[in-house]
Amino acid sequence: MNGGLDTPTTVALIVAALVKAAFLWLILRTPVRGTLDRRAKALRTLLYVTVACTLVLRHPIGLLPDAVDEVLTLVLWTAIHVLYLLVIRWRSPTSRAAAGAVFAVGLALFVQDALDRLDLYEVGSSGLFSMASTLSVVAATFLTVVGQWRDGRWSRGTLIAGWSSIGVYTLILLLTLIAKDLRGEGAVATLIFFDVAVLVGSVWHAATARELAVEDRPADGPPPVRRRVNRVLVAAVTVLPLTVLIQPEQAAHLTYSSGSTECYDQPAFGDLKPSERDATFLCRVRGRDGGVPPMFPESMSDQAVLAYGRVLCRTEDRDEQQAILTSAGSERAAWGVDAWDLVYVCPETVGATRPDLLRSTAETQEDYADYIAEANAKCRDPWPRMKGVVRATANYFLFADGDHGYLVHDPGDAAFEEEAEQATDRVYDDSTMIGVAGSAALVGHVEDVSDLCLTVKAFRTAPPARTAGWDQVSEVPLISRSGWLSVPEMGEGEVGAGAPMPNLAIKGKGRYRLRVYIRVNDAAEEHLVVVFPGTSSKKLKLKS
């Protein structure tokens with residue numbers, strides 16, 4: 001696909017062009033002349049509207065909001081199925097009732113799908129639902145063709161088109177079930193086949209509409225030569241303007257690039273409607289964040305990128321991904337592709353092993369909050385009887401690759417940032433592992449941990465030392481210039497305490513003493529921070 005069409009794709013396009021031309025000739029045949037009642041006229045009109053939607057109107061309809069598209073389609077097919085029941089002579093009440101039941105099931109499935117696309121109803125397994133929808137279409141088509149055959153108004157060619165459409169639906173269902181066995185170039189040719197195959201249904205709909213009045217057609221119709229000329233003129237007027245507008249696949253419009261405004265926000269998978277997922281995938285693989293080149297060449301069309309994405313979904317390992325990306329001319333072939341990119345084009349495959357990638361932002365935030373709450377619940381106050389004026393216990397999260405420790409500081413001090421750097425530089429000056437500079441104290445940790453249990457308390461006077469049971473107890477001076485002393489709370493994706501920390505400067509601005517208790521046990525590293533007013537500037541080791 002990079003630099004030219006491969007052989008299977010070229011053959012598929014040539015065959016598709018010939019087959020489409022034949023189908024278009026059959027669709028554009030003029031209706032049989034004759035009298036129609038009101039119901040038959042309505043059915044003929046709606047069937048031609050369906051054909052027009054498939055051939056021409058699907059592109060402008062695609063510009064409408066999803067809700068409008070879904071409602072229009074539901075109304076159209078509901079009316080067609082009702083008219084099928086009224087216009088076709090089913091010959092027996094049982095046949096009519098069976099057709100009505102199958103039509104009702106198909107419409108119910110369509111309603112559920114529409115509600116799912118509008119985020120009003122969760123369908124469940126997309127694969128099972130898609131199979132059920134296809135089977136309902138096959139059953140409805142089968143009963144309709146049987147009804148046409150027993151009616152007697154429709155020709156053998158129309159019945160053959162109906163039976164062929166059933167075969168097409170069945171074949172598409174089978175190919176969908178074995179899609180994991182499709183690889184490389186064959187995937188594009190298969191997509192071309194699908195595009196042609198769906199026109200068989202349009203041929204059947206057009207033929208059904210054309211022959212509704214076959215019993216009453218007049219004998220004085222236009223001569224055969226004139227009818228052929230009319231069909232050629234209609235085909236030319238209909239097809240030529242569309243041919244001018246259609247661009248070849250290799251020159252397809254690039255809808256989304258790394259600089260598109262639509263790509264600035266890339267929502268989580270669960271926040272997107274099904275119709276928005278392909279666009280998000282295109283944005284991600286064409287992004288240049290951090291100076292990384294796009295996954296596919298900039299000249300590659302949207303359709304080709306999506307086709308490659310779906311082929312990558314069926315790979316078994318990283319080596320197979322690299323081979324496919326290399327054939328596509330990717331500058332990132334050596335890196336492969338990640339699951340959080342592929343989830344937008346094959347959620348059913350990625351979700352089987354990474355269900356977390358299917359979550360919405362709200363679900364992710366809820367899981368994150370549960371994770372924080374669970375971590376906090378593991379920590380207990382080591383001095384439950386020493387209440388203090390204010391107190392709090394929480395898990396303190398550190399970076400996994402190691403942090404110097406945590407700050408007890410005055411966030412309102414203008415010199416905070418400078419003094420925090422100085423405190424960090426001094427944390428390893430002695431065995432207390434506490435670096436102090438003005439209004440900032442950085443407390444180090446003993447073990448190589450990613451989090452620890454932290455309890456903070458403030459007292460009006462110095463509490464008893466009570467060093468028993470602790471591995472290390474140290475005391476240092478600290479200043480509050482704004483009347484605030486606290487420990488940073490964790491923001492999203494950052495280090496900090498897992499719960500809000502109180503103001504430990506209970507007497508406002510002034511000098512304080514900071515006492516830190518540290519011990520390590522099998523469960524975790526545990527710290528107790530005690531703050532109380534004090535003017536001493538000494539740095540004490542109460543237990544080392």
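Residues numbered from 1 in each chain as written. Predicted model: local features only at pLDDT ≥ 70, side-chain atom pairs only at ≥ 80, totals over all residues. Heavy atoms only, no water.

When their charged atoms lie close together, side chains carrying opposite charge are able to pair. Counting across every chain of the model gives 15 salt bridges. Residue R284 pairs with D341 through a salt bridge whose shortest N-O separation is 2.7 Å. Here R284 is found in helix α10 (residues 277-285), whereas its partner D341 is found in helix α13 (residues 339-342), with 57 residues between them in sequence. What makes R284 partly exposed here is its relative accessible area of 23%. For D341, a relative accessible area of 8% corresponds to the buried category. Three or more residues joined by partner-sharing salt bridges are found here, namely R89, D151 and R153. (Salt bridge = Lys/Arg side-chain N within 4 Å of Asp/Glu carboxyl O. Helix = DSSP H or I, 4+ residues; strand = E, 2+ residues; numbered from the N terminus. Buried < 20%, exposed > 50% of the residue type's maximum accessible area, 1.4 Å probe, protein only.)

Model confidence for the protein chain is summarised by a mean pLDDT of 81, while 81% of its residues fall at 70 or above. Scored below 50 in pLDDT, residues 242-253 makes 11 contacts in the model with residues more than four places away or belonging to other chains. (pLDDT = per-residue confidence, 0-100. Contact = heavy atoms within 4.5 Å.)

This part is about the state of the cysteines. Note: disulfide means a covalent bond formed between the sulfur atoms of two cysteine side chains. Inspection of the entire model under this criterion finds 2 disulfides. The disulfide bridge from C379 ends at C453, spanning 2.1 Å between sulfur atoms. Because the torsion about its S-S bond is -80°, the bridge between C379 and C453 counts as left-handed. With a gap of 74 residues between them, C379 in the loop between α15 (361-377) and β1 (390-397) and C453 in strand β5 (residues 451-458) connect regions that are remote in the sequence. (Disulfide = S-S within 2.5 Å.)

With that settled, consider the environment of A140. Relative to the helices and strands, A140 resides in helix α5 (residues 126-151). Take A140: its relative accessible area is 12%, and that puts it in the buried class. C-alpha separation for the pair A140 and F103, spaced 37 residues apart in sequence, amounts to 6.0 Å. Excluding residues within four positions of it along the chain, A140 makes contact with V102 and F103.

Quick look at unusual backbone geometry now. Here R91, not a glycine, exhibits a phi torsion of approximately 75°, which is positive. In this fold, R91 is placed in the loop between α3 (66-87) and α4 (93-117). What makes R91 exposed here is its relative accessible area of 54%. A positive phi is found at M433, a non-glycine position, where the angle reads about 55°. Following the sequence through the fold, M433 ends up in the loop between α16 (416-426) and β3 (434-437).

This paragraph deals with the nonpolar core. Of all hydrophobic cores here, the largest spans 38 residues; its most connected members are F23, L43, L47, I80, Y84 and L212. Going through the elements one at a time, α1 (7-27), α2 (38-62), α3, α4, α5, α6 (156-177), α7 (185-197) and α8 (199-210) are the ones with two or more residues in this core. When residues of this core are assigned to their parent elements, the largest contribution, 6 residues, is made by α8. Setting aside residues no more than four positions away along its own chain, L212 makes contact with L36, A40, L43, R44, V87, R153 and W154. Judged by nonpolar contacts, the second largest core, of 30 residues, contains I434, V449, V516 and V531. (Core = buried A, V, L, I, M, F, W, Y, C linked by side-chain atoms within 4.5 Å.)

Bridging between β1 and β5 involves 8 bridges; their strand directions are antiparallel. Paired with T393 across the two strands is T455, which belongs to β5. Sheet topology note: the β1/strand β7 (residues 496-497) ladder contains 2 bridges and is antiparallel. Residue pairing across strands places F397 opposite G496, the latter belonging to β7. (Pairing = 2+ DSSP bridges.)

Together, D271, E363, E366, D370 and E374 make up a negatively charged patch on the protein surface. Looking at the secondary structure, you find E363 in helix α15. (Patch = residues over 30% accessible without salt bridge, like charges linked within 9 Å, V, L, I, M, F, W, Y side chains within 5 Å. Areas by Shrake-Rupley, 256 points an atom, 1.4 Å probe, with all protein chains shown as cover. Lys, Arg positive; Asp, Glu negative; His and termini not counted. Charge placed at Lys NZ, Arg CZ, Asp CG, Glu CD.)

What follows is about the packing of α1 against α8. One can describe the packing of α1 onto α8 by two numbers: an axis separation of 9 Å at closest approach and a directional angle of 20°. For the element pair α1 / α8, the angle class is roughly parallel. For the element pair α1 and α8, the recorded crossing hand is left-handed. Contacts between α1 and α8 involve K20, F23, L26 and I27 from the first element and L199, V200, S202, V203 and A206 from the second. (Axes fitted to C-alpha atoms, helices over the stretch in contact; angles between N-to-C directions. Parallel < 35°, antiparallel > 145°, perpendicular 65-115°, else oblique. Left-handed = near helix turned anticlockwise from the far one by under 90°.)

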